[in-house]
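Read off the chains here:
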Amino acid sequence: MIQYLDNIQHKDSKNFFLIAGPCIIEGEDMALRIAEKVINITDKYNIPYIFKGSFKKANRSRVDSFTTIGEEKSLEILKKVGETFNIPTTTDIHENEHAALAAQYVDVLQIPAFLVRQTDLLVAAAETGKCVTLKKGQFLSPESMKFAVQKITDSNNQKVAIIERGNSFGYTDLIVDYRGIPTMREYAPVILDVTHSLQQPNQSSGVTGGRPDLIETVAKAGIAVGADGIFIETHPTPETALSDGANMLRLDLLEDLLQKLTRIRESIL
């Protein structure tokens with residue numbers, strides 16, 4: 001997928017690529033600070049980097065959960081991040097009309113896991129001509145993602161990748177089946193969403209839990225089995241994050257992790 005992004009750095013490094021940023025855009029200053037920090041690290045280790053931030057969260061457990069600081073405001077911030085640092089940006093979309101809207105501001109459109117079977121949404125994203133990432137539903141097999149990919153390619157868009165984010169394991173846990181990564185690589189590049197794979201959904205409080213202590217373990221395994229990219233939500237202070245703080249990586253821990261993952265990548269090439 002990254003071969004289609006003209007503004008991505010280190011494209012020819014043979015390293016994995018990174019999608020990282022806050023779960024949701026909380027403000028311009030924070031977004032710029034996170035992007036700058038990650039860029040300094042990815043430049044050091046020759047990692048192609050895409051900045052991620054949701055402009056709106058629609059799949060919340062409770063109606064009083066935080067959703068956005070404003071759709072257009074958030075999209076403008078994403079655009080500013082991309083222009084300021086000359087890097088590609090991505091956001092997730094939840095409604096058909098969001099595809100054309102978000103495509104005006106970002107380089108990659110992400111389809112959420114719960115919506116990856118929604119044909120009209122996938123076609124709307126594909127028809128923008130932007131790169132499209134498809135999160136594998138927690139309820140889907142790796143083999144079933146072949147048909148989600150075909151919905152994009154049959155819409156005359158070859159710019160597609162799959163994001164693995166674990167499968168439902170009981171009511172309140174997720175587990176990654178690493179056998180699925182080589183299977184899905186037969187259909188499209190595969191990105192391992194490390195932080196969402198460590199969510200603990202459906203908690204009685206209505207707030208999703210997580211296991212950030214296992215981020216390094218899951219990420220290392222993903223690189224070892226050949227994931228093309230890694231997806232990590234990161235925040236300076238996850239405990240104060242407005243969304244998904246329970247499973248995010250603290251920003252000051254990112255460099256150590258990426259250094260280790262780069263070494264693993266080098267060892268398997």
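- The protein chain goes by 3-deoxy-8-phosphooctulonate synthase in an unreviewed UniProt entry, where it is assigned to Chryseobacterium lactis.
- Check the Subcellular location (unreviewed entry) section of the UniProt entry for the protein chain; it says "Cytoplasm".
- According to UniProt, the comment filed for the protein chain under the heading Sequence similarities (unreviewed entry) is "Belongs to the KdsA family."

### A closer look at the pattern of salt bridges
In step 1: In this structure the tally under the stated criterion is 15 salt bridges.
In step 2: A salt bridge links E71 to K56; the nearest nitrogen and oxygen atoms lie 3.1 Å apart. With E71 in helix α2 (residues 71–85) and K56 in the loop between β2 (49–52) and α2, the pair connects residues that are 15 residues apart, well separated along the chain.
In step 3: Sharing partners across several salt bridges, the network here consists of E216, K220, D256 and K260.

### Points about helix α8 (residues 254–268)
In step 1: When the terminal C-alpha atoms of α8 are compared, their 21 Å separation across 15 residues agrees well with the 21 Å that a helix rising 1.5 Å per residue should span.
In step 2: Within α8, the full set of buried residues consists of L254, L257, L258, L261, T262, I264 and R265. For α8, the angular spread of the buried residues around the axis is 165 degrees, confining them to a single face. For α8, the exposed residues lying more than 90 degrees away from the buried face are R263, E266 and S267.

### Considerations on the pairing of strand β5 (residues 131–135)
In step 1: Of all 5 residues in β5, 5 are buried, a share of seventy percent or more.
In step 2: Burial along β5 is two-sided: the residues C131, T133 and K135 and V132 and L134 are all buried.
In step 3: With 4 bridges joining them, strand β4 (residues 108–111) and β5 adopt parallel strand pairing. Directly across from I111, in β5, lies its bridge partner L134.
In step 4: Tracing the backbone out of β4, into helix α4 (residues 119–126) and back to the parallel element β5 gives a crossover that is right-handed.
In step 5: Relative to strand β6 (residues 160–164), β5 runs parallel, the two being bridged by 4 bridges.

### Comments concerning the nonpolar core
In step 1: In terms of nonpolar packing, the biggest core is built from 67 residues, with L18, F51, I93, L134, V194 and I230 touching the most fellow members.
In step 2: C131, A161, I163 and F231 belong to the second-largest nonpolar core, a separate cluster that totals 13 residues.

### What about the packing of aromatic side chains?
In step 1: One pass over the full model with this rule turns up 0 aromatic pairs.
In step 2: One Lys or Arg, K135, reaches over the ring of F231 and ends 4.5 Å from the middle of that ring.

### Focus: the layout of surface pockets
In step 1: Space inside the second largest pocket adds up to approximately 170 Å³.
In step 2: Of all the secondary structure elements, the ones that give two or more residues to the lining of the second largest pocket are β8 (174–175) and β10 (199–200).

### Some words on empty space enclosed by the protein
In step 1: Counted by the stated rule, this structure contains 1 cavity of 30 Å³ or more.
In step 2: Taken as a whole, the largest cavity holds about 60 Å³ of empty space.
In step 3: As for the largest cavity, its lining consists of N7, I8, Q9, H10, I39, T42, D43, I47, Y49, I87 and P88.
In step 4: Sort the elements by how many residues they give to the lining of the largest cavity and helix α1 (residues 28–44) lands first, with 3 residues.
In step 5: Looking at the lining of the largest cavity, its residues break down into 6 nonpolar, 4 polar and 1 charged.

### Re unusual backbone geometry
In step 1: The backbone of H10 shows a phi angle near 60 degrees, a positive value even though the residue is not glycine.
In step 2: On the secondary structure map, H10 appears in the segment before β1 (17–21).
In step 3: By relative accessible area, H10 is classed as partly exposed at 24%.
In step 4: Located in the positive-phi region is N86, a residue other than glycine, with phi close to 55 degrees.
In step 5: On the accessibility criterion, N86 (43% relative accessible area) is partly exposed.

Definitions and limits used
- Residues numbered from 1 in each chain as written.
- Predicted model: local features only at pLDDT ≥ 70, side-chain atom pairs only at ≥ 80, totals over all residues.
- Heavy atoms only, no water.
- UniProt positions renumbered as here; feature names shortened; annotations may be inferred.
- Salt bridge = Lys/Arg side-chain N within 4 Å of Asp/Glu carboxyl O.
- Helix = DSSP H or I, 4+ residues; strand = E, 2+ residues; numbered from the N terminus.
- Expected span 1.5 Å × (residues − 1).
- Buried < 20%, exposed > 50% of the residue type's maximum accessible area, 1.4 Å probe, protein only.
- Arc of directions from axis to C-beta.
- Pairing = 2+ DSSP bridges.
- Right-handed = clockwise from strand over helix to strand, strands pointing away.
- Core = buried A, V, L, I, M, F, W, Y, C linked by side-chain atoms within 4.5 Å.
- Phe/Tyr/Trp six-rings, centres within 6.5 Å; stacked < 30°, edge-to-face > 60°.
- Lys NZ or Arg CZ within 6 Å of the ring centre and 35° of its normal.
- 1 Å grid on protein atoms, 1.4 Å probe; cavity = no way out; pocket = protein on both sides within 12 Å on 5 of 7 lines; lining within 4 Å.
- Points joined across faces, edges and corners; volume = space filled by probe spheres on them.
- Nonpolar A, V, L, I, M, F, W, Y, C, P; charged D, E, K, R; others polar.

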